[in-house]
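Here is what each chain is made of, one letter per residue.
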Amino acid sequence: MKVTEHIADGQPEEISRALPSIVVALAHHDDKIKLYAAVALGDIALRPDSGELLKKYLNAIGNLFNSSSDRLQGSAVLILGSLKPAPPPEVWPLLLTYLNRTDRDTHMQAAAIFYLVWHFPRKPEDLDVIERFLSRPLGAETRIGILTELAGSPLKDVRVIDMVIRSLDDPEQSVRLKAIQTLTHLGQHALLRAEPAMKRLAERSDEPAEVKDAARKALKEIGPGKD
């Protein structure tokens, strides 16, 4: 806690001297102590020189993904994804390995997808891991969060569009609505590809009016001159 108070305005040399002790605390058997260390590292991650300061400790931070605590898993996601000026390439396999695990907190894994698509968007493995993740039994809130990230992400691949189209058949109404909104954000090329599925949704007799109206509105966005 004493170290954390001076992280924002501390000299790089001071932070570097404190880091070995912080990393030792990060490996402590007591999760409370680990959380204090993670808070300190989170503050360091906000510094403009955080990528350089923490580059030697990426694996130690990634070890938090092995914790049963969702807070510690989430701390690792936040620290690694926030490194400046950008997360180094070594962060990518750590996030990928975490997302491939089926015994971790899915909410925290969904948060990792945000950093994956924004910082490493041209990696074909990104699409593989997102597709596998979406095929798992996830809660509506988690699915909506991922669709929200895909809507604003630089990923415009056909596979991404097809993942969203499959969400038009999700059993949860809120997820179907978010899928319609996501396809609209992705542009006319996405709406054109989704047109048959969207028409079925708009015409389905047992579909709630809110979803049908949203599908019809999205279909009207298809036309010449649209981007």
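Every residue gets a number counted from 1 within its own chain, in the order that chain's sequence is written. Predicted model: local features are reported for residues with pLDDT of at least 70 only, side-chain atom pairs are reported and counted for 80 or more only, and whole-chain, interface and lining totals are derived from all residues. Side-chain measures here rest on the full set of heavy atoms in the structure, leaving out hydrogens and waters.

(A) The arrangement of the packing of aromatic side chains in detail. We call Phe, Tyr and Trp rings a pair once their centres come within 6.5 Å, taking the six-membered ring for Trp, and we label the pair stacked below 30 degrees between planes, edge-to-face above 60, and tilted otherwise. Counted by the stated rule, this structure contains three aromatic pairs. On the numbers, 6.5 Å between centres and 50° between planes, the contact of Phe114 with Trp118 is tilted. Here the residue Phe114 and the residue Trp118 both occupy positions in helix H7 (residues 106-119), the gap between them amounting to four residues, near one helical turn. Relative accessibility thresholds used throughout: buried, under 20% of the residue-type maximum; exposed, over 50%; partly exposed, between the two (1.4 Å probe, protein chains only). Note on Phe114: relative accessible area 30%, which makes it partly exposed. According to the relative accessible area criterion, Trp118 is partly exposed, its value standing at 38%. By way of ring pairs, the aromatic residues Phe114, Tyr115 and Trp118 are connected into one cluster. Helix numbers and strand numbers start at the N terminus; a helix is a DSSP run of H or I with at least 4 residues, a strand a run of E with at least 2.

(B) Seen up close, helix H1 (residues 12-26). One less than the number of residues in a helix, times 1.5 Å, gives the span that helix is expected to have. Compared with an ideal rise of 1.5 Å per residue, which puts 15 residues at 21 Å, H1 spans 20 Å between its outermost C-alpha atoms and is within 8% of the ideal. Its axis deflected by about 35° at Leu19, H1 carries its strongest bend there, up to four residues before the proline Pro20. Within H1 the residues assigned to the buried category are Ile15, Ala18, Leu19, Ile22, Val23, Ala25 and Leu26. Tucked inside the fold, the buried residues of H1 contact helix H2 (31-45), helix H3 (50-54) and helix H4 (58-62). The seven residues ending at a residue and the seven starting there each receive a fitted axis; the angle between those axes is the bend at that residue. Contacts are assigned to residue pairs that have any heavy atoms within 4.5 Å of one another.

(C) Expanded view of the side chain of Arg104. The residue Arg104 is located in the loop between helix H6 (91-100) and H7 in this model. Residue Arg104 is classed as buried on the basis of its relative accessible area, which comes to 13%. Only 3.3 Å separates the side chain of Arg104 from the backbone oxygen of Asn66, close enough to count as a polar contact. Excluding its chain neighbours within four sequence positions, the residues that come into contact with Arg104 are Phe65, Asn66, Ser67, Ser68, Gln73, Tyr98 and Gln109. Nitrogen and oxygen atoms within 3.5 Å of one another constitute a polar contact, given that in protein one can donate a hydrogen and the other can accept it, and given that sequence-neighbouring residues count only through two side-chain atoms.

(D) The arrangement of the packing of helix H11 (residues 173-186) against helix H13 (residues 209-220) in detail. Helix axes are fitted to C-alpha atoms over the stretch in contact, other axes to C-alpha atoms as well, and angles between N-to-C directions run from 0 to 180 degrees. Across the interface, H11 lies against H13 with an axial gap of 10 Å and an inter-helix angle of 10°. Comparing the axis directions of H11 and H13 gives the class roughly parallel. Taken together, the residues of H13 that come into contact with H11 (itself represented by Gln173, Arg176, Leu177, Ile180 and Thr184) are Glu210, Val211, Ala214, Ala215 and Ala218. In terms of residue class, the contact of H11 with H13 is built from six nonpolar, two polar and two charged. Roughly parallel here means an angle under 35 degrees, roughly antiparallel means over 145, roughly perpendicular means 65 to 115, and every remaining angle is called oblique. Residue classes follow a fixed rule: Ala, Val, Leu, Ile, Met, Phe, Trp, Tyr, Cys and Pro count as nonpolar, while Asp, Glu, Lys and Arg count as charged, and any other residue, Gly among them, counts as polar.

(E) Looking closely at the environment of Arg166. Here Arg166 lies in helix H10 (residues 158-166). With 136 residues separating them along the chain, Arg166 and Asp30 place their C-alpha atoms 43 Å apart.

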